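# Report on the structure
Residue-level listing of the chains:
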Amino acid sequence: MKNFNFSNKTEIIFGRGSERKLGKKTKAFSNKILLHYGGGSIKKYGVYDKVVDSLKESGVEFIELGGVKPNPRLSLVKEGIDICRKKDINFILAVGGGSVIDSAKAIAAGVSYDGDVWDFFDGKARPKEVLNIGVVLTIPAAGSETSAGTVVTKEEGWYKQSFGTDELRPKFAILNPETTFTLPPYQTAAGAVDIIAHVMERYFTKVSNVDLTDRLCEATLKTMIKNVPIVLENSEDYDARAEIMWAGTIAHNGLLGTGRIGDWASHNIEHELSAIYDVAHGAGLAVIFPAWMQYVYKQDINRFAQFATRVFGVEYDFNDPERTVIEGIRRLKSFFKSIGMPVTLEELGVEDNRFEEMATKCIEIYGDGLGSFMKLDKEDIIKIYELAK
Ligand code: NZQ
Ligand code: ZN
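Residues numbered from 1 in each chain as written. Chains lettered and ligands numbered in written order. Predicted model: local features only at pLDDT ≥ 70, side-chain atom pairs only at ≥ 80, totals over all residues. Heavy atoms only, no water.

## Some thoughts on the packing of aromatic side chains
Applicable threshold: Between the rings of Phe, Tyr and Trp (Trp by its six-membered ring), a pair exists once the centres lie within 6.5 Å; its type follows the angle of the planes, with under 30 degrees stacked, over 60 edge-to-face, and the other angles tilted. For helices the rule is a DSSP run of H or I covering at least 4 residues; for strands it is a run of E covering at least 2, with both sets numbered from the N terminus onward. Between buried and exposed lies partly exposed: a residue is buried under 20% and exposed over 50% of the maximum accessible area for its type, with that area taken using a 1.4 Å probe on protein chains only. Geometrically, a lysine NZ or arginine CZ counts as sitting over a ring once it is within 6 Å of the ring centre and also within 35 degrees of the ring normal.
Within this structure, the stated rule accounts for 23 aromatic pairs. With 4.9 Å between their ring centres and 90° between their planes, Phe121 and Phe163 make a pair best called edge-to-face. Within this pair, whereas Phe121 is found in helix H6 (residues 118-122), its partner Phe163 is found in strand E7 (residues 159-164), the two being separated by 42 residues in sequence. Using a relative accessible area of 8% as the deciding quantity, one classes Phe163 as buried. Just above the ring of Tyr238 sits the side chain of Arg16; from NZ or CZ to the centre is 3.8 Å. Between Lys206 and the ring centre of Phe373, over which it is positioned, the NZ or CZ distance is 5.4 Å.

Here it is, written out as structure tokens:
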């Protein structure tokens, strides 16, 4: 196990009716806020009314900025920064999923910075002062409700990039599983794949003697595999929605990665897909992750065999452990398919071949030697896109 520091200061307010505490929680930070949200689902399904009622009840004044798109755009972030400066706002409430939260984080980082907020994403500067953020989560997926990171797309050139700092972690996050009843099956499944991927990015490590976090990862994965089919069958199953929502936070709040070195190549390879083709991040991962596994598993057959046996119940083949690994990858793909996710680029709707361009961008952004389980160069990345066809 590696040395580590672990701290996650986001307060989680979880369960039925938890959004009623929103006004009070927000008021503790500010009397005047930016209310940030997406394309309208919160208005359609009643979350907006509950949020507004609670804010009004506590006497919190709010200025609205909706319209965050999935794969959030830099132009709206800049609009948000402008509003916060002009209206002297020092707190942002993000109501929605990862895209809204990430947009809020980028605004929060940019308000007191004189230069272009994209400098943070390009690694040219680090934010010195960050506004406080609160969250009402409506889709378990990205884990941004407690994570230190933000991922934004710059329209000019379609660059999807991230940066992170502990100050970006929201001060509180309200998680009511009931708000996720209205998620369409595709969004539920794409979110689930993202959660699973956040665990697997940490699980596939070269660090040995990480028994506790191995088991925590496996438990989180098995919880997802059990509960996702239940909510796809009955979208209003509170208990199953609650398991998934909590798993989504646990998967990405840093705990499962303690003492380990995560990989993250699949995420970076996927970001090129969602940048160019605007696909859902989780759907892109359903295609890329199994291809990555197929490409790298020979680096550590035992770790992949452990995944296959413990997570998917594959019987260990003592004569040919590689068969155990391949069966594990097959079962993962078949699980993704069973929940309605694509497992090939073609199924994702990506039919042209821009592999060279995407791999070049990947190396440009993240540097040569992507990932850590196996260091990937441009040719490796192209081969993974090829495997995903
Ligand atoms: O925009 P609205 O109308 O609200 O609709 C959204 C959106 O279309 C809809 N939705 C959300 N809650 C709903 C709902 N529809 C019905 N009922 C509800 N309760 O779902 C759609 C997707 O929303 P989005 O926020 O894009 O989803 P997600 O949470 O998956 O976020 C994806 C973004 O997060 C980034 C991804 O790259 C992607 O840009 N990530 C952020 C991370 C982080 N900050 O730590 C880590 C992740 O690995 C990921 O990269
Ligand atoms: Zn992700």
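## Examining the nonpolar core
For clarity, the cut-off: Only buried residues count toward a nonpolar core. Its members are Ala, Val, Leu, Ile, Met, Phe, Trp, Tyr and Cys residues joined through side-chain atoms within 4.5 Å. Residues count as neighbours in contact if any of their non-hydrogen atoms are within 4.5 Å of one another.
Counting 70 residues, the largest nonpolar core has Phe204, Trp292, Met293, Phe307 and Leu376 as its most contacted members. Sequence-distant contacts of Trp292, defined by excluding residues within four places in its chain, comprise Phe204, Asp263, Ala265, Ser266, Phe304, Phe373, Leu376 and Ile384. Among the nonpolar cores identified, the runner-up in size contains 37 residues, and Leu65, Phe121, Leu168 and Leu175 belong to it.

## Re the packing of helix H7 (residues 185-203) against helix H10 (residues 265-277)
Formally: Geometry is summarised by axes, namely lines fitted to C-alpha atoms with helices restricted to the contacting stretch, and by angles between N-to-C directions that run from 0 to 180 degrees. To sort the angles, those under 35 degrees are grouped as roughly parallel, those over 145 as roughly antiparallel, those from 65 to 115 as roughly perpendicular, and the leftovers as oblique. Residue polarity is assigned by list, with Asp, Glu, Lys and Arg as charged and Ala, Val, Leu, Ile, Met, Phe, Trp, Tyr, Cys and Pro as nonpolar; anything else, Gly included, falls into the polar class.
Taken N-terminus to C-terminus, the directions of H7 and H10 make an angle of 140°; their axes are 9 Å apart at the nearest point. One way to sum up the angle between H7 and H10 is to call them oblique. On the side of H7, the interface is formed by Asp194, Ala197, His198 and Glu201, while H10 contributes Ala265, Ser266 and His267. Partitioning the contact of H7 with H10 into residue classes produces 2 nonpolar, 3 polar and 2 charged.

## Quick notes on the domain arrangement of the protein chain
Condition: Where each domain starts and ends follows an automatic or database-derived domain assignment. By buried area we mean how much accessible surface two parts lose on assembly, using a 1.4 Å probe and totalling the loss over both. By definition, a salt bridge exists where a carboxyl oxygen of Asp or Glu is found within 4 Å of a side-chain nitrogen of Lys or Arg.
The domains assigned to the protein chain are domain 1 (11-179) and domain 2 (184-387). Between the C-alpha centres of domain 1 and domain 2 the distance comes to 26 Å. Taken together, the contacts link 28 residues of domain 1 with 25 residues of domain 2. Ranking the residues of domain 1 by area buried against domain 2 places Pro140, Lys160 and Pro177 at the top, with a combined share of 25%. Where domain 1 packs against domain 2, one counts 1 salt bridge. Between Arg73 and Asp278 there is a salt bridge whose closest N-O contact spans 3.4 Å.

## Some words on the environment of Arg310
Applied cut-off: Under the rule applied, a polar contact is a pair of N or O atoms within 3.5 Å (in protein, one hydrogen donor and one hydrogen acceptor; residues adjacent in sequence only if both atoms are side-chain atoms).
Structurally, Arg310 can be placed in helix H12 (residues 301-312). Classification of Arg310 by relative accessible area gives partly exposed; the value is 28%. In this structure the C-alpha to C-alpha distance between Arg310 and Glu218, which are 92 residues apart in sequence, comes to 7.1 Å. Once you skip the residues sitting within four places of it in the chain, Arg310 turns out to touch Asp214, Arg215, Glu218 and Lys222. At 3.0 Å, the side chain of Arg310 and the side chain of Glu218 are in polar contact.

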